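# A closer look at the structure
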Amino acid sequence: MHPFLRLALDRARAHPDVDLAVPRRDELALDVVPRWGPPFRLDLHDLHLQTLDAGPEARGDAVERRLTLACRPPAEAAVWSEVQASLRTVIRTGSLALSTTSELLVRPLGPGLLEAVVLDGPESFAFVSRGVAAAWPVQESEVFETARRALNRSDAFVAWDPGAPSPIWSFEP
């Protein structure tokens, strides 16, 4: 096993927010199941290159910081002014019934499609629940509009690669 992958695996398994971490033998990455939120793949290639000149302790600390960001809990106590820049919309398949009964902040977008609001981070994303959005001082429609406006930047339109660990971007046709 690659030494940096071994270091990252040891740090991930010791991390309090990680339930399970499995190394990817074919690439420099970990498959991680956090204590909350969806499982994700943590790509370590860039982090490995960025910390080549650092000592083992500094490299381990860099992995620890990356894991902490990736495993952050859902934004239960998120403050509106702090999360606006991280809001995005994503498109998922689903039924109209799901749009009215879901705990997630979703709304119909078209036949068989739902638009959902997520908090997009450097390593992962978290779906926004209706309860979290209710604590913000804006209506649900404003949450959707804020999330869509963030996608109108020119750098937001990137090709989607389902295997890439990069942030998820979507946009209105």
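Preceding block: the structure.
I will try to describe carefully the structure that is included in this document. Since this is a predicted model, take the numbers as computed values, not measurements.

A separate point is the environment of Arg 35. Among the secondary structure elements, Arg 35 is positioned in the loop between strand E2 (29-34) and strand E3 (40-43). Once the C-alpha coordinates of Arg 35 and Pro 16 are considered, the two residues, 19 residues apart in sequence, prove to be 8.3 Å apart. Once you skip the residues sitting within four places of it in the chain, Arg 35 turns out to touch Pro 16, Asp 17, Val 18 and Asp 19.

Next up on the list: the packing of aromatic side chains. A full pass over the atoms with the stated rule returns one aromatic pair. Ring centres of Trp 80 and Trp 136 lie 5.2 Å apart, and the angle between their planes is 50°; on these two criteria the pair is classed as tilted. With a gap of 56 residues between them, Trp 80 in helix H4 (residues 80-83) and Trp 136 in the loop between helix H6 (130-134) and helix H7 (140-150) connect regions that are remote in the sequence. Looking at Trp 80, the relative accessible area reads 11%, which means it is buried. The positively charged end of Arg 107 is found above the aromatic ring belonging to Phe 144, 4.0 Å away from the centroid.

Basis of the calculations
- Residues numbered from 1 in each chain as written.
- Predicted model: local features only at pLDDT ≥ 70, side-chain atom pairs only at ≥ 80, totals over all residues.
- Heavy atoms only, no water.
- Helix = DSSP H or I, 4+ residues; strand = E, 2+ residues; numbered from the N terminus.
- Contact = heavy atoms within 4.5 Å.
- Phe/Tyr/Trp six-rings, centres within 6.5 Å; stacked < 30°, edge-to-face > 60°.
- Buried < 20%, exposed > 50% of the residue type's maximum accessible area, 1.4 Å probe, protein only.
- Lys NZ or Arg CZ within 6 Å of the ring centre and 35° of its normal.

Any functional reading would require information beyond the geometric quantities listed.
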